[in-house]
Amino acid sequence: MGLAYPWDEIAAAYARAAREPYEPEPLGLLTARAAVAERYAPGVDPARVLLTASTSEAYAHLFRLLADPGDRVLVPRPSYPLFGLLADLEGVELASYRLDPHDGWRPDWDSLDAALAERPVRAVITVSPNNPTGSSLDGGALAALAERARAHGFALIADEVFCDFRRDGVALVDAARDGLLDDVTWFALGGLSKSAGLPGAKLAWTACGASETVLGEVLARLDVIADTFLSPAMVVQVALPALLELAPRIRAAIRVRLDVNVAALASLVGTPAGAWPVMGGWSVVLRVPAIHGDEEWARRLVVERGVVVQPGSFFELEAEGQLVASLLPEPAPFRAGLAALSALAAG
Ligand SMILES: Cc1ncc(COP(=O)(O)O)c(C=O)c1O
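Residues numbered from 1 in each chain as written. Predicted model: local features only at pLDDT ≥ 70, side-chain atom pairs only at ≥ 80, totals over all residues. Heavy atoms only, no water.

*Asks:* Just checking my understanding: could you explain the domain arrangement of the chain for this structure?
*Replies:* Note on interface size: it is often stated as the accessible area lost on association of the parts. Its domain assignment divides the chain into domain 1 (7-245) and domain 2 (253-346). Listed as interface residues are 23 residues of domain 1 and, on the opposing side, 20 residues of domain 2. Here domain 1 meets domain 2 over a buried area of about 1900 Å², counting both sides, of which 63% is carbon and sulfur. On the domain 1 side of the contact with domain 2, Pro132, Phe165 and Arg167 bury the most area, a combined 34% of that side's loss. Connecting domain 1 to domain 2 are two salt bridges. A salt bridge links Arg167 to Asp259; its shortest N-O distance comes to 3.7 Å. For the interface between domain 1 and domain 2, the tally reads six residue pairs in polar contact (both at pLDDT 80 or more). (Domains from an automatic or database assignment. Contact = heavy atoms within 4.5 Å. Buried area = accessible area lost by both parts, 1.4 Å probe. Salt bridge = Lys/Arg side-chain N within 4 Å of Asp/Glu carboxyl O. Polar contact = N/O pair within 3.5 Å; in protein donor to acceptor, adjacent residues only side chain to side chain.)

*Asks:* Looking at this structure, how should I read the packing of helix H5 (residues 109-118) against helix H6 (residues 139-152)?
*Replies:* Between two packed helices, the angle of one axis relative to the other and the distance separating the axes together describe the packing. Where H5 contacts H6, the axes come no closer than 12 Å and their chain directions differ by 15°. With respect to H6, the element H5 is oriented roughly parallel. The interaxial crossing formed by H5 with H6 has right-handed handedness. For the pair formed by H5 and H6, the contact residues are Trp109, Leu112, Asp113 and Leu116 on the first element and Ala141, Ala144, Leu145, Arg148 and His152 on the second. (Axes fitted to C-alpha atoms, helices over the stretch in contact; angles between N-to-C directions. Helix = DSSP H or I, 4+ residues; strand = E, 2+ residues; numbered from the N terminus. Parallel < 35°, antiparallel > 145°, perpendicular 65-115°, else oblique. Left-handed = near helix turned anticlockwise from the far one by under 90°.)

*Asks:* For this particular structure, what's the right way to read the packing of aromatic side chains?
*Replies:* Centre-to-centre distance and the angle between the planes together describe a pair of aromatic rings. This structure, assessed with the given rule, holds nine aromatic pairs. A centroid spacing of 5.3 Å and a plane angle of 65° characterise the contact between Trp105 and Trp276, whose relative ring orientation is edge-to-face. With a gap of 171 residues between them, Trp105 in the loop between strand S3 (93-100) and strand S4 (106-107) and Trp276 in the loop between strand S9 (274-275) and strand S10 (283-287) connect regions that are remote in the sequence. Judged by relative accessible area, which is 16%, Trp276 ranks as buried. With a centroid separation of 5.5 Å and 90° between ring planes, the pair formed by Phe314 and Phe315 is classed as edge-to-face. Overall, Phe314 belongs to the partly exposed group, its relative accessible area being 47%. (Phe/Tyr/Trp six-rings, centres within 6.5 Å; stacked < 30°, edge-to-face > 60°. Buried < 20%, exposed > 50% of the residue type's maximum accessible area, 1.4 Å probe, protein only.)

*Asks:* Any chance you could explain the site of the ligand here in plain terms?
*Replies:* Around the ligand lies a shell formed by Ser54, Thr55, Ser56, Tyr80, Val127, Asn131, Asp159, Val161, Phe162, Ser193 and Lys194. The separation between an oxygen atom of the ligand and a polar side-chain atom of Ser56 is 3.2 Å. Between the ligand and the protein, one listed contact pairs an oxygen atom with a side-chain N or O atom of Asn131 at 2.8 Å. Here the ligand, which alone exposes 400 Å², has 86% of that area covered by the protein. Of all elements in the fold, only helix H3 (55-66) and helix H8 (192-195) reach the threshold of two or more residues within the shell around the ligand. Considering only residue class, the shell around the ligand consists of four nonpolar, five polar and two charged. (Near = heavy atom within 4 Å. Areas by Shrake-Rupley, 256 points an atom, 1.4 Å probe, with all protein chains shown as cover. Nonpolar A, V, L, I, M, F, W, Y, C, P; charged D, E, K, R; others polar.)

*Asks:* Is there a simple way to explain the environment of Val49 in this structure?
*Replies:* Turning to its location among the elements, Val49 is positioned in strand S1 (residues 49-52). Accessibility expressed as a relative area gives 2% for Val49, which makes it buried. Those residues in contact with Val49, other than ones at most four positions away along the chain, are Leu27, Arg33, Val36, Ala37, Trp205, Thr206 and Ala207.

*Asks:* Hey, could you run me through the sheet that holds strand S12 (residues 322-326) in this one?
*Replies:* Across a sheet, strands are paired by hydrogen bonds formed along the backbone, either parallel or antiparallel in direction. Read from one edge to the other, the open sheet built from four strands follows the order S9-S10-S12-S11, with strand pairing classed as antiparallel. Only two strands of the sheet have a single neighbouring strand rather than two, namely S9 and strand S11 (310-311). Looking at chain direction, S11 and S12 are connected through two bridges and run antiparallel. Opposite Pro311, over in S12, you have Leu323 as the bridge partner. Each of S11 and S12 is contacted by helix H11 (residues 294-305), which is oriented at about 45° to S12, the strand it contacts most. (Pairing = 2+ DSSP bridges.)

*Asks:* Could you clarify how one ought to interpret the environment of Trp297 in this entry?
*Replies:* With respect to the helices and strands, Trp297 occurs in helix H11. As a C-alpha pair, Trp297 and Val262 span 35 residues in sequence and 21 Å in three-dimensional space.

Structure follows, in structure tokens:
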């Protein structure tokens, strides 16, 4: 991707950490959890932070915690495509609620209420900023979700892995601090893969909250689940405070890249292709004439033009003629990819 990473400092943090003795801690090393709480969950006791090797693993742990086999969890549509697999592997049934493209991809409350009326659900997942739409939940939406969580007794799981790349919206921990989540069991997920652009570091975190009567049991059960795997490597846990110190520099480089590529989307104006406004995250949803299905569009772009995009249906985008592109490529190939897209759209 050609982004400048402080590799020497990252390597030095790992080298220092490699000398530490192994201390198995089911929820993670307290020093690492305290560093997460300081930056991503101010005011949250580090005892309420769980470390995992990835956000995907955190989802698996939460499904094990909250759901029995066959229980239902709701996910937003469109969103991140891994949910189906994660749920299948844990024996959890997924259903979805719609995000409305014509309302800034906010939840379509009628569709959420219809899903809640159909069958009890154990958890509702939000992705904020969402992948691929970039949309974030505001305080009003979080309050509306919390009200439903209290009424229906489900937990709220907020995937906030892109929180450092949000342009608006409210973080779940801030909503909790403002009292919006009182009596709701909630989990806010983040990790190094996006916050430090280090997916290979394999370290993610989950901050959680619940009423006093429920919280102790949530933490005790998470402790058992996490103790069964003890998955985050010691070295990255010890290095975590240093990696979080370095992360703002990596994010700054990523943000410059995102801004340059978002600006390049203006080149689609006046062509048969277009783009939804980018509201956060690392992706853009592109619109193309629905003369082919989205998979055919993606196939032709890669085969005929060497341009890689994802079909919109992969993310359950409902309308035809939508593709998803990463905003991380180097600017010159990104501009060339946009030019190839509009040329193909022009026929
Ligand atoms: C919304 C969302 N959540 C979670 C993940 C996975 O993160 P991790 O690498 O921590 O498993 C991704 C990866 O793209 C993502 O887009």
